[in-house]
Amino acid sequence: MNKMYDYPQNFFNRELSWLEFNKRVLDEARNEENPLLERVKFLSIFNSNLDEFFMVRVASLLRNHKNNIDSVDIAGMNPNQQLEKIIEKVRFLIEEQYSCYNELTRLLSLKHIKIHKYKNLCEKSKKYIDDYYEREIYPVLTPMIIDSARPFPLLLNKTLNIAALLKTSNSNAHIFGTIQVPSVINRLIEIPNDENRVDFVLLEDVIKSNLPKLFSSHEVLYSCSYRITKDADLDVDEEDAMDLLETMEESLKQRKWGDAVRLEIESNGNDEYFNEILDIIVDEIEIDEQYIFKINGIIDFTFLNKLGSVEGFDELKYEKVKMANIKIPHRTDIFGYIKEKDIFVHHPYESFDIIVDMVKKAAEDPNVLAIKQTLYRVSGNSPIIEALTKAAEKGKQVTVLVELKARFDEENNITWAKKLEKAGCHVIYGVIGLKTHCKILLVVRKEKDKIKRYVHFGTGNYNDVTAKFYTDMGILTADEQFGKDASTLFNMLSGYASPDNMKKITIAPYGFRDKFEKMIRREAENAKKGKKAKIIAKMNSLLDKSITTELYAASQAGVEIELIVRGICCLKPGIKGLSENIKVRSIVGRYLEHSRIYYFYNDGKEELYISSGDWMYRNLNKRVETMGIVEDKDIQQEIKEILDLYLKDNVKAKVLKSDGSYEKKQPAENEKRINAQEELVEFTYNKNKSLEKEFSQTLIIPVGK
């Protein structure tokens, strides 16, 4: 680490930087250039992101504060200082969120999509909703009174609830009642009509309107919606765990008992009944006042994701873009195709099907002896899992590393692990103390009395669903050294093999950090000698202190540094004497930028890598990550052209300023507007068109504008 740059004032706080990222998501909901229903989805994503931020990041800071852990972060702030700044920023963002919601619902109404209040419905619509309530909603509800015989119920994390203040006719005493809004019923209830429009009413509004029936022996004085967010981080002692899968299952059961870290409660003013309800809830969940958010409106906008997917109204959505579907030449199979030349796949512009097909073909191919794969997050109905189970049932050696600690996917992964084991797969859970985050697939095949290995390594999860809207890269190769490196990696994960002699794949935490720091320093040394020196890096987050100080030193040596960082960035760019040669931009658009790319000019002997890991301490030191060198000149050139498009983006790109804010990159006068994600659709189409000419009937290209 370059100690001369190691000062707190040289770094942004992680949490405030993340909130700036979520503000950029909110900006997309406010962006009038986006289709209206897509703006609605961005508002839902903003809400979902904020939920996770409280469950994990705020919860962690609160634990530290309560335990009197006053260690400072990279920017020199202790937990209490961070929490104060966070809450101040969050309150501002929530005001923006509700202002945005009001504007979006106004515009939706003009387009004949409307969420009505139950009380404002016409008699015909009320009759339909009342019948629906009696038939579908009422049987599911469980109204609960809180008294000496009936204690306050366990409220599940993020569930929407309705609080009611009640009284009986023969007593002036007030009674507290609560109902959980059932998550098994769609929150948006559609009201049928004969017109060319779509009308909804919210589930909680219908339940509130029927409270007198639910609490028929009481008078309902007041009611409001509320929602509690809890600490959802898991503390798993891997060292003493006899069976990690069982330990994780037990830990997940404890998640529902987590401390409350946020209370959202519907408030129409400083009403005495409201205050009485608030006091009861606060006394029960024991939450400090600063984490209470009084909302004059609807609570929890995550339902808007379904509203954004309402059928019809295509003119209010993104234009549909079909992914290029790479087909294998008729003269060969997928393995013969990979053996001829490395294959580069760029999702979502190119279909994930080729990866699924590779696993399916491996499962069916009698010459395939073994399949080894890492799984971090997979889809709910994963064709990859299905293929792996079939391969094991056919007697092939199948080894699958399932990461049980993938946050909020733990239950899903436990289910898959059990299914794979039942099918006969050898399921492993990785290295103690490390999350296995790398994305790699190895197929071992017998060909003409010799063993041939085929590898897919990439930047994204083996998830056929997220591959449709996450940007990720992968390379399929039969390179002998890549195969050896992949075997070494899996031997390390499944046993105690040492990750030695790996030449083309670098893994964390063994050599990952060292390689990055050496390559950054190499650029700095070249710059000091007067040579051209350049670094381009694309990632999700940058907050490792050591890497950042190395970048500062390289900047001062004269290295040109271009960073494309979607989310958190603790590096301060553009500061004289520190980082004037560093530019940072973020792109938030239709697709979630997820690929990690690292380019080093290296005195003209360019080196390019794709990776599963960011420049974060956890990726460098606490996870198993992979980074593969890109040696194929055609693939290298294609990735460089993709990076160039990102750097030229002047539609979705926002540039990080030295004060921590982001400024929209505006095109100069007469300059072409470039939206990198839209351009990549055309870019990929043109690439595959040229391949189609090269391999007759090889590719089916349903892509085009």
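Predicted model, so just to flag it, every value in this text is computed and none were measured.

**Student:** Any details on the overall build of the protein chain? Residues and values, ideally.
**Tutor:** Each helix and strand in the protein chain was counted, giving 19 helices and 27 strands. Taken over C-alpha atoms, the radius of gyration comes to 27 Å for the protein chain, in line with the 27 Å a tight globule of 705 residues would show. In terms of overall dimensions, the protein chain has a C-alpha envelope of 90 × 60 × 60 Å along the principal axes. When the 705 residues of the protein chain are sorted by exposure, 58% land in the buried category. A fraction of 74% describes how many contacts in the protein chain between residues 6 or more apart in sequence connect residues 24 or more apart. Within the structure as shown, the protein chain displays about 31500 Å² of accessible surface, and the carbon and sulfur contribution to it stands at 45%. The protein chain carries 105 positive and 112 negative side-chain charges, and their two centres are separated by 4 Å.

**Student:** Tell me what's going on with the pairing of strand β17 (residues 470-477), and back it up with residues and numbers.
**Tutor:** Most of β17 sits inside the fold, with 7 of its 8 residues counted as buried. Summarising the sheet, strand β10 (residues 343-347) and β17 pair through 5 bridges and their orientation is antiparallel. Bridging from a neighbouring strand, F344 pairs with I475 of β17. Bridging between strand β16 (residues 450-458) and β17 involves 4 bridges; their strand directions are antiparallel.

**Student:** So what's going on with the nonpolar core? Which residues, and what values?
**Tutor:** Core analysis: the largest hydrophobic core is formed by 186 residues, its most contacted members being L551, L563 and W615. Of the residues forming this core, the biggest block, 13 residues, is contributed by helix α2 (residues 36-66). Not counting residues up to four positions away in its chain, the partners in contact with L551 are I520, I535, L542, I561, L563, L571, I582 and W615. Counting residues in each nonpolar core, the second largest holds 43 residues, with A363, I371, I414 and Y429 among its members.

**Student:** Which residues make up the sheet that holds strand β6 (residues 198-202), and what are the values?
**Tutor:** Read across the open sheet, the 3 strands follow the order β1-β6-β5; overall the sheet is mixed. Two strands lie at the open edges of the sheet, namely β1 (113-116) and β5 (188-191), each paired on one side alone. With direction set aside, neighbouring strand axes in the sheet form an average angle of 35°. Relative to β6, β5 runs antiparallel, the two being bridged by 4 bridges.

**Student:** Help me get a handle on the environment of Q397, residues and values and all.
**Tutor:** Its location among the elements puts Q397 in strand β12 (residues 397-402). C-alpha separation for the pair Q397 and E96, spaced 301 residues apart in sequence, amounts to 54 Å. Sequence-distant contacts of Q397, defined by excluding residues within four places in its chain, comprise L369, A370 and I371.

**Student:** Which residues make up helix α15 (residues 512-528), and what are the values?
**Tutor:** Over its 17 residues, α15 runs 25 Å from end to end, which matches the ideal 24 Å to within 8%, given 1.5 Å per residue. Of all the residues in α15, the buried ones are F512, R513, F516, E517, M519, I520, E523, A524, N526 and A527. The first or second residue beyond α15 is G530, which carries a positive phi of 85°.

**Student:** An account of the pairing of β6 is needed here, citing residue identities and associated values.
**Tutor:** The side chains of a regular strand alternate, residue by residue, between the two faces of the sheet. Counting buried positions along β6 gives 5 out of 5 residues, so the element sits mostly inside the fold. Here β1 pairs with β6 via 4 bridges, running parallel. Within the sheet, the bridge partner assigned to I113 lies in β6 and is V198. Taking the residues between adjacent antiparallel strands as the criterion, β5 and β6 are bridged by 6 residues.

**Student:** So what's going on with a negative patch on the surface? Which residues, and what values?
**Tutor:** On the surface, D259, D279, D283, E284 and E286 cluster together into a negatively charged patch. Locating D259 in the fold gives a position in the loop between α7 (244-255) and β8 (260-266).

**Student:** Could you give an account of the packing of helix α1 (residues 14-30) against α2, with specific residues and numbers?
**Tutor:** Interaxial distance between α1 and α2 falls to 8 Å at its minimum, and their mutual angle equals 165°. With respect to α2, the element α1 is oriented roughly antiparallel. The handedness of the crossing between α1 and α2 is left-handed. Between α1, through R14, E15, W18, L19, F21, N22, V25, L26, E28, A29 and R30, and α2, the contact on the second element is made entirely by R39, F42, L43, I45, F46, N49, L50, F53, R57 and L61.

**Student:** Just give me the short version of the pattern of salt bridges, but keep the residues and values in it.
**Tutor:** The final tally for this structure, using the stated rule, is 47 salt bridges. Among the ionic pairs, D479 bridges to K504, the shortest N-O distance being 3.0 Å. Residue D479 is located in the loop between β17 and α14 (480-494), and its partner K504 is located in the loop between α14 and β18 (505-508); the two are separated by 25 residues in the primary sequence. For D479, a relative accessible area of 23% puts it in the partly exposed group. The exposure class of K504 is buried, given its relative accessible area of 17%. Across the salt bridge formed by R521 and E517, the nearest N and O atoms sit 3.6 Å from each other. Of the two residues, R521 and E517 are both situated in helix α15; the distance of 4 residues between them amounts to about one turn of the helix.

Rules used throughout
- Residues numbered from 1 in each chain as written.
- Predicted model: local features only at pLDDT ≥ 70, side-chain atom pairs only at ≥ 80, totals over all residues.
- Heavy atoms only, no water.
- Helix = DSSP H or I, 4+ residues; strand = E, 2+ residues; numbered from the N terminus.
- Rg over C-alpha atoms; globule rule 2.2 N^0.38 Å.
- Buried < 20%, exposed > 50% of the residue type's maximum accessible area, 1.4 Å probe, protein only.
- Contact = heavy atoms within 4.5 Å.
- Areas by Shrake-Rupley, 256 points an atom, 1.4 Å probe, with all protein chains shown as cover.
- Lys, Arg positive; Asp, Glu negative; His and termini not counted.
- Charge placed at Lys NZ, Arg CZ, Asp CG, Glu CD.
- Pairing = 2+ DSSP bridges.
- Core = buried A, V, L, I, M, F, W, Y, C linked by side-chain atoms within 4.5 Å.
- Axes fitted to C-alpha atoms, helices over the stretch in contact; angles between N-to-C directions.
- Expected span 1.5 Å × (residues − 1).
- Patch = residues over 30% accessible without salt bridge, like charges linked within 9 Å, V, L, I, M, F, W, Y side chains within 5 Å.
- Salt bridge = Lys/Arg side-chain N within 4 Å of Asp/Glu carboxyl O.
- Parallel < 35°, antiparallel > 145°, perpendicular 65-115°, else oblique.
- Left-handed = near helix turned anticlockwise from the far one by under 90°.

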